[in-house]
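The primary structure of each chain is shown beneath.
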Amino acid sequence: MKINFISPFTLSLVPFAAMLAGNNTKQSTPNIVLIYSDDLGYGDLSCYGYSKVPTPNVDKLASEGLRFTNAHCGAATSTPSRYALLTGQYAWRKQGTGIATGDAAMIIKPEQATMPRMLQGMGYKTGAVGKWHLGLGAETGKQNWNGLITPGLKELGFDYSYIMAATGDRTPCVFMENGRVVNLDPADPIEVSYIKNFSGEPTGKDNPQLLRMHPSHTHNQSIVNGISRIGYMRGGKSALWTDENIADSITAKALNFIESNKNQPFFLYFGTQDVHVPRVPHPRFAGKSGLGARGDAILEFDWIVGQVMATLKKLQLDENTLVILSSDNGPVIDDGYQDQAVELLGDHKPWGPFRGGKYSGFEAGTRIPQIVRWIGKVKPAISNTLVSQLDWYASFAALTKYNIKPGEAPDSQNGLKTLLGKSKKDRQYVVKQNLNNVLSIVVGNWKYIEPSKFVSINKYTNTELANNPQPQLYNLKTDQGETINLATEYPDKVNELKIKLEKIRKSEK
Ligand code: NG6
Ligand code: CA
C-alpha cells in the first residue's frame, strides 16, 4: 500500500529549518528599516542625477527599489518633520514643535499615538538609533543627565534606543542608551544649560584659540572636541562623543539591533548625524569627496547605507525587509561652521532643480530623496507620484493589518499601494511648513504658498524662505524651480488652494 501523507514530523521540521537558516522569510509582515538622513538634499545622491559625490550604495538601493521624485517631508527643519513622521500629525497643529534645544522636554507625549508603539502592538521589536531631536524628560531644562531620563523613547514605544539627544551641534554631546548617558563616570557628573555657561568653562566665543573648527555664525558656546556648540555643558568627560566616530558608533548599534532581532519582526528608526553640522567625518572619508566636509559626510552616509544593506544580506533578511531611505529636510551649505562646504561646492547641486533649501517654503526645503526597497515585493522603478512622509504611519498600519483608531495619526493616509509602486495615484494634497510655520500646499501640478510677513531670507544660511506678503502660486510641472509667481494670473486657482489649505488647517485633529 502506498502511503501518501506528510508526517507531522516532516511538517514540524519546516519552521525549524527556517529558524536554523537564521532568517524570517516566513514572517507574514516584513521588518521595516527607516534610514533617515539629516539635511540630505534631493540632489545629493548620484542616483538623483545632480550630485558630484558618488553614492554607490544608495544607488544600488535605488536600482533595486522604487525611487521617488515627488516625495515630501512635513517640514523644512528636523524637529517638526520627525514629529510628523512619528505621530502622523502635522507639527504645525501643535505648539512647541519647532527646532528643539538639547534640553527640551519630550515633545511627543507618552499618551500620544506613535508609529513605534503601533508597530510594537503588532508584534514588532522597535528600535531608535542615532539622531533624536524630539526632547527628553518631563520638563525643559530639568533633566538629571546622570540618571534615567524619563519619560523617554521607551514611553513612546521604542523597546531599544541609542541616541544623540538633539543634534551634533547641540549639547549634551553624549550618546544615551535606553534613557541613560553611555560611559558616564559618576564622579564626573554632567550638567547642561541653555541659559548660561558654567563658571570656568571655556566657550567658542571667549576662547576661539581652543577651536579646531570655527563657527560661521552662532555655535559659539561650550567646546567639545575643539568644536563649539549651541548650548552649555560641563562634566561627563568620559561620555563625550568623538565627532569622527559618530557614524561608526551609531551604525554599530543599528547593525547590532538588526542582528539581535533577526528572528522576529523588527522596526528600526535609524537617524544619521550625516550630513548635519558639524560635519566631521571619519578620516576614512575626510578629504575624499573633493567637495569639503559636506561632500565627505555624504560619502560617510553612503557607507552607512552599505553597512545596513550588507547586514540584511548576510542575515538573509533581504526579502523580508522593507527599507526606506529619506531625509528630514532639504540641504543647507553653511549651517554654522567654517567647514569649506561653500568654497568647495563646485558644480554639486544639493537642491537638485529646486529653489530654496533647508528652512524654506520653496520645494528644496521639503522635496527630499525617498527610496523604497523590498526585494520581490517592490519592482525597481522610478515613481513621480506625489507622496508625503506623513503617510508612512497609516501605510505601515495597513502593511501590518493594524486598524487605525479614530483620532490616531490624524493627518496620515494609507498610501501603501503607492509606497510599494502598485498605484500611481497622487496624494490628494501635500502640506508643508517652512521655518516660520508658513504653510504651502501642493495639489497636482499646482503649489500655493500662503502670504506671510516674515523675513524673506534666512540671514544665517542665505536661504530664500519663500516668505512673501503676497500669495504665491507656481506650476510645478512647467516651472519646477518656482521662478514665476502666477498668483495674479490665476486668482481662482489661488482661491481654491487657499480655501483647501484653510479647511485642512481648521479641521479638528
Ligand atoms: C538652527 C541652527 C542650525 C541648525 C538648525 C537645526 C542657528 C542660527 N542655526 O537654529 O545651525 O542647528 O537649527 O537643524 O542657530 S535641524 O536639521 O536639526 O533642524
Ligand atoms: Ca535636518
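Residues numbered from 1 in each chain as written. Chains lettered and ligands numbered in written order. Predicted model: local features only at pLDDT ≥ 70, side-chain atom pairs only at ≥ 80, totals over all residues. Heavy atoms only, no water.

Caption draft 1: Quick peek at the coordination of the calcium ion (ligand 2). The coordination sphere of the calcium ion (ligand 2), as far as protein atoms go, consists of Asp38 (OD), Asp39 (OD), Asp328 (OD), Asp328 (OD) and Asn329 (OD1), spread over 2.2 to 2.7 Å. Site description for the calcium ion (ligand 2): donor spacing in sequence, D-D-x288-D-N. Linking Asp39 in the loop between β1 (31–37) and α2 (56–63) with Asn329 in the loop between β13 (321–327) and α7 (363–366), this pair joins segments that are 290 residues apart in sequence. Taken individually, Asp39 and Asn329 each receive the classification buried, so the pair is uniform in this respect. (Donors = N, O, S within 2.8 Å, 3.2 Å for Na, K, Ca; no water. Helix = DSSP H or I, 4+ residues; strand = E, 2+ residues; numbered from the N terminus. Buried < 20%, exposed > 50% of the residue type's maximum accessible area, 1.4 Å probe, protein only.)

Caption draft 2: Summary view of the domain arrangement of the protein chain. For the protein chain, the assigned domains are domain 1 (8–188 + 244–419) and domain 2 (430–506). Taking the mean C-alpha position of each, domain 1 and domain 2 sit 27 Å from one another. Taken together, the contact between domain 1 and domain 2 spans 31 residues of the former and 28 residues of the latter. Regarding the contact of domain 1 and domain 2, the summed buried area is about 2,300 Å², with carbon and sulfur atoms giving 56% of it. Among the residues of domain 1 in contact with domain 2, Trp92, Arg355 and Tyr359 are the three that bury the most area, contributing 28% of the side total. Applying the counting criterion to the domain 1 and domain 2 interface returns three salt bridges. Connecting domain 1 to domain 2 are 16 residue pairs in polar contact (both at pLDDT 80 or more). Those elements that place two or more of their residues in the side of domain 1 that touches domain 2 are α7 and β16 (387–388). Classifying every residue of the side of domain 1 that touches domain 2 by side-chain character gives 15 nonpolar, nine polar and seven charged. (Domains from an automatic or database assignment. Contact = heavy atoms within 4.5 Å. Buried area = accessible area lost by both parts, 1.4 Å probe. Salt bridge = Lys/Arg side-chain N within 4 Å of Asp/Glu carboxyl O. Polar contact = N/O pair within 3.5 Å; in protein donor to acceptor, adjacent residues only side chain to side chain. Nonpolar A, V, L, I, M, F, W, Y, C, P; charged D, E, K, R; others polar.)

Caption draft 3: Highlighting the pattern of salt bridges. With the rule as written, the count across this model stands at 29 salt bridges. When the shortest N-O distance is used, the salt bridge between Lys447 and Glu363 registers 2.8 Å. Remark: Glu363 occurs in helix α7 and Lys447 occurs in strand β19 (residues 446–449); sequence separation between them is 84 residues. Glu363 carries the same exposure label as Lys447, and that label is buried. Here Lys506 ties to Glu502 by a salt bridge, and the two come within 3.4 Å at their closest N and O atoms. Of this pair, Lys506 and Glu502 both sit in helix α10 (residues 491–506), separated by four residues, roughly a single helical turn. Overall, the relative accessible area of 60% leaves Lys506 in the exposed class.

Caption draft 4: Spatial organisation of the packing of aromatic side chains. All chains considered together, the criterion is met by 16 aromatic pairs. Between Phe257 and Phe266, the ring centres sit 6.1 Å apart and the planes meet at 90 degrees, which makes this aromatic pair edge-to-face. Owing to a relative accessible area of 6%, Phe257 belongs among the buried residues under this scheme. Measuring from ring centre to ring centre gives 6.1 Å for Phe362 and Tyr474, while their planes differ by 70 degrees; the resulting arrangement is edge-to-face. Within this pair, whereas Phe362 is found in the loop between β13 and α7, its partner Tyr474 is found in strand β22 (residues 472–475), the two being separated by 112 residues in sequence. Under the relative-accessibility criterion, Phe362 is labelled buried at 3%. We classify Tyr474 as buried; its relative accessible area is 3%. Taking the ring centre of Trp303 as reference, the NZ or CZ of Arg284 above it sits at 4.7 Å. The ring of Tyr429 has Arg427 sitting right over it, with the charged end atom 5.2 Å from the ring centre. (Phe/Tyr/Trp six-rings, centres within 6.5 Å; stacked < 30°, edge-to-face > 60°. Lys NZ or Arg CZ within 6 Å of the ring centre and 35° of its normal.)

Caption draft 5: Quick peek at the site of ligand 1. In the vicinity of ligand 1 lie 20 residues, with Lys131, Asp169, Arg170, Asp335 and Lys358 positioned nearest. In this structure, an oxygen atom belonging to ligand 1 sits 2.9 Å away from a side-chain N or O atom of His219. With respect to ligand 1, the side chain of His276 contributes an N or O atom lying 3.0 Å from an oxygen atom. For ligand 1, whose unbound accessible area comes to 460 Å², protein coverage reaches 89%. Class assignment of the residues belonging to the shell around ligand 1 gives a composition of four nonpolar, nine polar and seven charged. (Near = heavy atom within 4 Å. Areas by Shrake-Rupley, 256 points an atom, 1.4 Å probe, with all protein chains shown as cover.)

Caption draft 6: Structural context of helix α8 (residues 392–399). Of all eight residues that make up α8, seven are buried, and the element is covered over most of its length. Along α8, the residues classified as buried are Trp392, Tyr393, Ala394, Ser395, Phe396, Ala397 and Leu399. Note on α8: the residue one or two positions beyond its end, Lys401, has a positive phi of about 65 degrees.

Caption draft 7: Region of the structure containing the sheet that holds strand β17 (residues 430–433). The sheet built from four strands is open, its strands ordered β17-β18-β19-β22 with antiparallel pairing. Each having just a single partner strand, β17 and β22 make up the two edges of the open sheet. Neighbour-to-neighbour, the strand axes of this sheet turn through a mean angle of 20 degrees, independent of strand direction. Contacts between α10 and the sheet are confined to β17, β18 (439–443), β19 and β22, with β18 contributing the most and set at about 115 degrees to the helix. (Pairing = 2+ DSSP bridges. Axes fitted to C-alpha atoms, helices over the stretch in contact; angles between N-to-C directions.)

Caption draft 8: Seen up close, the pairing of strand β12 (residues 266–271). For β12, a buried count of six out of six residues is recorded, marking the element as mostly surrounded by other parts of the structure. With burial as the criterion, each face of β12 is covered, one bearing Phe266, Leu268 and Phe270 and the other bearing Phe267, Tyr269 and Gly271. With five bridges connecting them, β1 and β12 associate as parallel partners. Within β12, the position partnered with Ile35 by the bridge is Phe270. Looking at chain direction, strand β4 (residues 125–131) and β12 are connected through six bridges and run parallel. Note that in β12 the partner of Thr126 across the bridge is Phe267.

Caption draft 9: Structural context of the nonpolar core. Leu34, Trp132, Tyr269 and Phe396 are the most contacted members of the largest nonpolar core, which has 107 residues in total. For this core, the element with the most residues is helix α6 (residues 292–314), which contributes nine residues. Setting aside its immediate chain neighbours within four residues, Tyr269 contacts Leu34, Tyr36, Arg82, Leu85, Leu86, Gly127, Ala128, Val129, Lys131, Trp132 and Phe158. In terms of nonpolar packing, the next biggest core, distinct from the first, is built from 17 residues, Ala84, Trp92, Trp446 and Leu497 among them. (Core = buried A, V, L, I, M, F, W, Y, C linked by side-chain atoms within 4.5 Å.)

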